[in-house]
Each structure stands twice: as C-alpha cells, then as structure tokens.
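Now for the letters of each chain:
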Amino acid sequence: MFRSHRFLSLMLSAALLFQAVPARAEEEKTSETGFFLDTVITITLYGDKDSTAMDGCFALLDQYEQMLSRTVEGSDVWNINHSNGEPTEVSEETAWLIETALYYSELSDGAFDITITPLVELWDVQNKASLVTGDETAEEAYASGLIPSEEEIETALLHIDYTAVSCEGTTVTLSDPEAEIDLGGIAKGYIADCLEDYLLSQGIESALINLGGNVQTVGTKPDGSSWKIGIQKPFGGSSDIITVVECTGESVVTSGTYERYFEIDGTIYHHILDPNTGYPADNGLVSVTILADSSTVCDALSTTCFVLGLEDGMELIESIDSVEALFITEDEVMYRTSGFPEN
C-alpha cells in the first residue's frame, strides 16, 4: 500500500536496501510506503496483526512533517523563518532538535549548519535536476540560472551562520532577520528514533524503518538473526550493493552525491552543500555512511562528515564513542573507522 497526503511526482531511490527474510517471516510482515519530508519512505513491521502500529507510524510521520518541515506553512520551522527575527515559541521537541543541531554545528566548526536555507533555495538541486537535458554547456547553465552566480552565492553566504540561532527553553530567535533554518540534515534521523520508540511501546520487536537513506532497525529479524543492510554502490542501480552491514536495533544513515544531483559539462552538482564555500562539497567523497544506536546522531554526522572530508571526518568519528563510519571516494575505495564492521 502507498500512503501520501499529496501527489507523489518524484520517486527517489532509497540509498539503503534491506535483505529479504525467510519465506515464513515474509508471510507475517506488513509493509507500507509513503511520501513525507520530500522522501519516499517504507516501513516494514512484523507482528502488527491489526495495523494499529502501522497506522500510528504514519500518523507520527504526518505530525512531524507538520512540525519540522521548512515548507509547510504554520510549522515550527516555517514560523521561525517568517518571524523577521522576533522570538518564536516552538514545541519542546523542535527546541530540543534545534539545540542538538547547534551542538553538531559547534562540534564541526560550522560544517553542519542549520541556517543553510539560503543556499538550499538558491541551488534547488532536486527541482533543477528535472530541468537539465544533458546538452547544456557551463555557460548556458550559468546564463539560465541552473548554476548560481558567484554574486548570488556570496549574498546567500551572508546569512549562513549557526551562531545567529538562539534557543532559550522553547523560544527560538534569529539575530539575523534574513536568516532561515532547515532541519533537513537531522530531522529524518530524529523521526526514525521516535518511530522506533513508538513501535517498541506497541510491542513490535521486529521492524525496519527506511526514511529515504535513513534506515533504523528495530530489534532482530523474526528468526532472531541480525538485519543485513545493504549500502548502495554510488551511481549504481538501486539494487547494486557495495557492502553489507549487520545490525540489531541500530541505525544506518548514508549521505551521498548520487542521491540528488544534476550534471553539467561533466561536473556533478549535488545537494550536500558546504556552508563555507556555498558550493556542493567537493572533496573526493561520494558517500558517507554512519552506524550508531541513534538515528539522530547518524543523520547529523553523515552530513557533517561528508562536508568535512575523509581525513577530518575520520578523525571526528574516531573521537566519538559508539559511532562508526564508512567513507567511499570517487574511485570507489572504502575507508572504515576502526570499529566499522567488514563483511
């Protein structure tokens, strides 16, 4: 079944695939797909005999989209961005998520920055990808606005600074009235964690939550074995797997250049933007996968490490307990942190 509260005009291929379970367990599963947070999501449950837990998951997805989406009028994030710098009251969950995002901004010295919105809107990679024919020259792409001008990028950079965001209790204030926040680099991870907590509270002990590249495993497979999460080969087909990670109740989140991009004159312009340069991160990486118990942590760190690059990203992950990473370079060489499993 497919669930969505609006027409699905773009199907995004999931960056992560999960391995099928034995036939007996397949007969007992319930799997549904929907479109939330600009992403195709799939939830697979085992033991949800009357669909109560599945219905609850989709109700939560709708609730969090109405709360955290930058583009939903009246959401907490929308209200902050349209406050003209005035203090804005938000939910406790939104406030917590903003404070958590600011922590990772400080940890990465701005490589992760929730005030990235002006650049996101300027590049508009997802929509521009549908406009590219493949015959454009770089000059034509600049002239048509497919590639922003240096002046436009410099103007956007003036309003990207996470220190402009303050959060006191449930009151959020932007010291720069023209700044805008975007929780897209952390919200899906938080929602995955919340869905896991909800499912466990409903007695579901075996499930997979796939939020478009953010995979959260709940418990074990029905036969008691670990889940096997396939990491997609960059720029390969959706079924092309470069490696597999075994998980039991852990989260696997991948950020990659191949998820949303367009190509002009042999140059790829992707959606992972560097807050320091204003351009898509260009450091030889095509994919970063984070493995940890918390999907919120995984989500924030996958973006952070991609922007930081291989050396600094590896150093950061090695400094954090119970978090591991897999970096894949443009020539498809894989670099694992010391605790990332090899298959």
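Residues numbered from 1 in each chain as written. Predicted model: local features only at pLDDT ≥ 70, side-chain atom pairs only at ≥ 80, totals over all residues. Heavy atoms only, no water.

Q: Lay out the overall build of the protein chain in plain terms, naming residues and giving numbers.
A: Helix and strand counts for the protein chain stand at eleven helices and 17 strands. The C-alpha radius of gyration of the protein chain comes to 20 Å, within 12% of the 20 Å expected for a compact globule of 343 residues. Carbon and sulfur atoms make up 46% of the accessible area of the protein chain, which totals about 14900 Å². One finds the centroid of the 13 positive side-chain charges in the protein chain at a distance of 14 Å from the centroid of its 61 negative side-chain charges. (Helix = DSSP H or I, 4+ residues; strand = E, 2+ residues; numbered from the N terminus. Rg over C-alpha atoms; globule rule 2.2 N^0.38 Å. Areas by Shrake-Rupley, 256 points an atom, 1.4 Å probe, with all protein chains shown as cover. Lys, Arg positive; Asp, Glu negative; His and termini not counted. Charge placed at Lys NZ, Arg CZ, Asp CG, Glu CD.)

Q: Summarise the sheet that holds strand β6 (residues 165–168); cite the residues concerned and give the values.
A: Within the open sheet, the three strands sit side by side as β5-β7-β6. Their pairing is antiparallel. Each edge of the open sheet is held by one strand with a lone partner, namely β5 (88–89) and β6. Where β6 and strand β7 (residues 171–174) come together, four bridges link them in antiparallel fashion. Bridge assignment links cysteine 167 to a residue of β7, and that residue is valine 172. (Pairing = 2+ DSSP bridges.)

Q: Residues and numbers for the pairing of strand β14 (residues 267–270), please.
A: For a regular strand, the rule is simple: side chains alternate between the two faces of the sheet. As paired strands, strand β13 (residues 261–264) and β14 are joined by four bridges and run antiparallel to one another. By the bridge assignment for β14, glutamate 263 is matched with isoleucine 268. With antiparallel pairing between neighbouring strands as the criterion, β13 and β14 make up a hairpin whose turn holds two residues, including aspartate 265 at a positive phi of roughly 50 degrees.

Q: Talk me through helix α11 (residues 310–318); I want residue IDs and the actual numbers.
A: For α11, the complete set of buried residues consists of Gly313, Met314, Leu316 and Ile317. The buried side chains of α11 occupy one side of the element, clustering within an arc of 160 degrees when seen end-on. Along α11, exposed side chains directed more than 90 degrees from the buried face belong to Glu311 and Glu315. Structurally, α11 contributes buried residues whose contacts are with α4 (92–107), β15 (285–292), α10 (295–308), β16 (324–329) and β17 (334–336). (Buried < 20%, exposed > 50% of the residue type's maximum accessible area, 1.4 Å probe, protein only. Arc of directions from axis to C-beta. Contact = heavy atoms within 4.5 Å.)

Q: Residues and numbers for the packing of aromatic side chains, please.
A: Taken as a whole and assessed by the stated rule, the structure comprises ten aromatic pairs. For the pair phenylalanine 235 and tyrosine 258, a centre-to-centre distance of 6.0 Å together with 70 degrees between the ring planes defines the contact as edge-to-face. With phenylalanine 235 in the loop between β10 (227–232) and β11 (241–247) and tyrosine 258 in the loop between β12 (251–256) and β13, the pair connects residues that are 23 residues apart, well separated along the chain. On the basis of an interplanar angle of 25 degrees and a centroid distance of 5.5 Å, the ring pair of phenylalanine 262 and tyrosine 269 is categorised as stacked. In this pair, the class of phenylalanine 262 matches that of tyrosine 269, namely buried. Clustering of aromatic rings is evident, with ring pairs tying together Trp123, Phe262, Tyr269 and Tyr279. (Phe/Tyr/Trp six-rings, centres within 6.5 Å; stacked < 30°, edge-to-face > 60°.)

Q: Let's hear about the side chain of threonine 337: which residues, and what values?
A: Here threonine 337 lies in the segment after β17. The residues contacting threonine 337, other than those within four sequence positions of it, are Met314, Ile317, Glu318, Glu324, Ala325 and Phe327.

Q: So what about a negative patch on the surface? Which residues, and what values?
A: Judged by side-chain charge, Asp135, Glu139, Glu140 and Asp265 come together as a negatively charged surface patch. By the element assignment, aspartate 135 lies in the loop between α6 (125–129) and α7 (138–144). By relative accessible area, which is 66% here, aspartate 135 ends up exposed. (Patch = residues over 30% accessible without salt bridge, like charges linked within 9 Å, V, L, I, M, F, W, Y side chains within 5 Å. Salt bridge = Lys/Arg side-chain N within 4 Å of Asp/Glu carboxyl O.)

Q: I'd like to hear about the pairing of β6, residue by residue, with values.
A: Only one face of β6 is covered, namely the one carrying Val165 and Cys167; the face carrying Ser166 and Glu168 has none of its residues buried. Remark: two residues form the turn of the hairpin made by β6 and β7, two consecutive strands paired antiparallel; glycine 169 in that turn has positive phi of roughly 65 degrees.

Q: Could you give an account of the confidence of the model for the protein chain, naming the residues involved and the relevant values?
A: With 92% of its residues at a pLDDT of 70 or more, the protein chain shows a mean pLDDT of 90. Below a pLDDT of 50 lies the segment residues 2–27, which in the model reaches 74 contacts outside its immediate sequence neighbourhood of four places, other chains included. (pLDDT = per-residue confidence, 0-100.)

Q: Hey, could you go over the packing of α4 against helix α9 (residues 187–201) for me, with residue numbers and the actual values?
A: Orientation of α4 relative to α9, taken along the N-to-C sense of each, is 125 degrees, at an axis distance of 11 Å. The orientation of α4 with respect to α9, classified from their angle, is oblique. Here the hand of the crossing between α4 and α9 comes out right-handed. Residues Glu93, Trp96 and Leu97 of α4 touch α9, and the partners they reach there are Ala187, Tyr190 and Cys194. Grouping the amino acids of the contact of α4 with α9 by side-chain chemistry returns five nonpolar, no polar and one charged. (Axes fitted to C-alpha atoms, helices over the stretch in contact; angles between N-to-C directions. Parallel < 35°, antiparallel > 145°, perpendicular 65-115°, else oblique. Left-handed = near helix turned anticlockwise from the far one by under 90°. Nonpolar A, V, L, I, M, F, W, Y, C, P; charged D, E, K, R; others polar.)

Q: Before we move on, can you summarise the packing of α10 against α11 with the specific residues and values?
A: Where α10 meets α11, the axes come as close as 6 Å, and the angle between the chain directions of the two elements is 140 degrees. It follows that α10 is oblique to α11 by the angle criterion. Within the contact between the two elements, α10 uses Leu301, Thr304, Cys305 and Leu308 and α11 uses Leu310, Asp312, Gly313, Leu316 and Ile317. Of the residues in the contact of α10 with α11, the class split is six nonpolar, two polar and one charged.

Q: Run through the pattern of salt bridges, naming residues and quoting values.
A: Counting across every chain of the model gives three salt bridges. Put simply, arginine 70 and glutamate 121 hold a salt bridge, and the shortest N to O gap is 3.0 Å. Highlighted residues: arginine 70 in the loop between α2 (52–68) and α3 (76–81) and glutamate 121 in helix α5 (residues 117–123), separated in sequence by 51 residues. Relative accessible area serves as the criterion here: at 43%, glutamate 121 is assigned to the partly exposed category. One salt-bridge network, in which partners are shared between bridges, spans Arg70, Glu121 and Asp182.

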